[in-house]
Amino acid sequence: MNKKVILQLDALTCPSCLTKIEGALKAQPGVGAIKVLFNAGKVKAEIDDSQTNADALSDVVTKLGYEVQGVKVKDL
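Residues numbered from 1 in each chain as written. Predicted model: local features only at pLDDT ≥ 70, side-chain atom pairs only at ≥ 80, totals over all residues. Heavy atoms only, no water.

Along its length, the protein carries 2 helices and 4 strands. If you list the helices and strands of the protein from N to C, you get β-α-β-β-α-β. Taking 76 residues into account, the globule formula puts the C-alpha radius of gyration at 11 Å, and the protein, at 11 Å, falls close to it. Per-residue burial over the protein gives 34% buried out of 76 residues. Pairs at least 24 residues apart make up 66% of the contacts formed inside the protein by residues separated by at least 6 positions. Positive and negative side-chain charges of the protein, numbering 10 and 9 respectively, have mean locations separated by a distance of 6 Å. (Helix = DSSP H or I, 4+ residues; strand = E, 2+ residues; numbered from the N terminus. Rg over C-alpha atoms; globule rule 2.2 N^0.38 Å. Buried < 20%, exposed > 50% of the residue type's maximum accessible area, 1.4 Å probe, protein only. Contact = heavy atoms within 4.5 Å. Lys, Arg positive; Asp, Glu negative; His and termini not counted. Charge placed at Lys NZ, Arg CZ, Asp CG, Glu CD.)

Bringing the pattern of salt bridges into the picture now. Should their charged atoms come close, side chains of opposite charge can pair. Considering all chains together, one arrives at 2 salt bridges under this definition. Its salt-bridge partner being D49, residue K3 comes within 3.9 Å of it at the nearest N-O pair. Of this pair, K3 sits in strand β1 (residues 2–10) while D49 sits in the loop between β3 (42–48) and α2 (54–63), placing them 46 residues apart in sequence. With a relative accessible area of 33%, D49 lands in the partly exposed category. Here D75 makes a salt bridge to K3, at a shortest N to O gap of 2.4 Å. Placement of the pair is D75 in strand β4 (residues 67–75) and K3 in strand β1, with a sequence separation of 72 residues. Accessibility expressed as a relative area gives 51% for D75, which makes it exposed. Counted as one network, the salt bridges with shared partners bring together K3, D49 and D75. (Salt bridge = Lys/Arg side-chain N within 4 Å of Asp/Glu carboxyl O.)

It is worth spelling out the nonpolar core at this point. Membership of the largest hydrophobic core comes to 20 residues, with the highest contact counts inside it found for L7, L9, I21, L25, V43, L57 and V61. At the level of elements, β1, α1 (15–26), β2 (31–37), β3 and α2 are the ones that each hand at least two residues to this core. Setting aside its immediate chain neighbours within four residues, L25 contacts V31, I34, V43, L57, V60 and V61. (Core = buried A, V, L, I, M, F, W, Y, C linked by side-chain atoms within 4.5 Å.)

Here the focus is the pairing of β1. Judged from the 7 bridges that link them, β1 and β3 form a sheet pairing that is antiparallel. Bridge pairing in β3 links N2 to D48. Taken together, the 8 bridges between β1 and β4 define a ladder with antiparallel strand orientation. Bridge pairing in β4 links D10 to E67. (Pairing = 2+ DSSP bridges.)

Right, here's the structure in full:
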């Protein structure tokens, strides 16, 4: 089933942050459309939950050096 994952982040300070996060998440299996809302500090991603999950996306972002402050998951 497809789901929408919303990650609330802290410290998105520049446009290169957006590019770095998008690239890392797009490289993950099961990740479809991604939108990083720079001013809101959010990442929205559509995923195939048979291939990945919100925790895996959160781990990727954390390894890039960003703090994930909250995670929401919704069915599509």
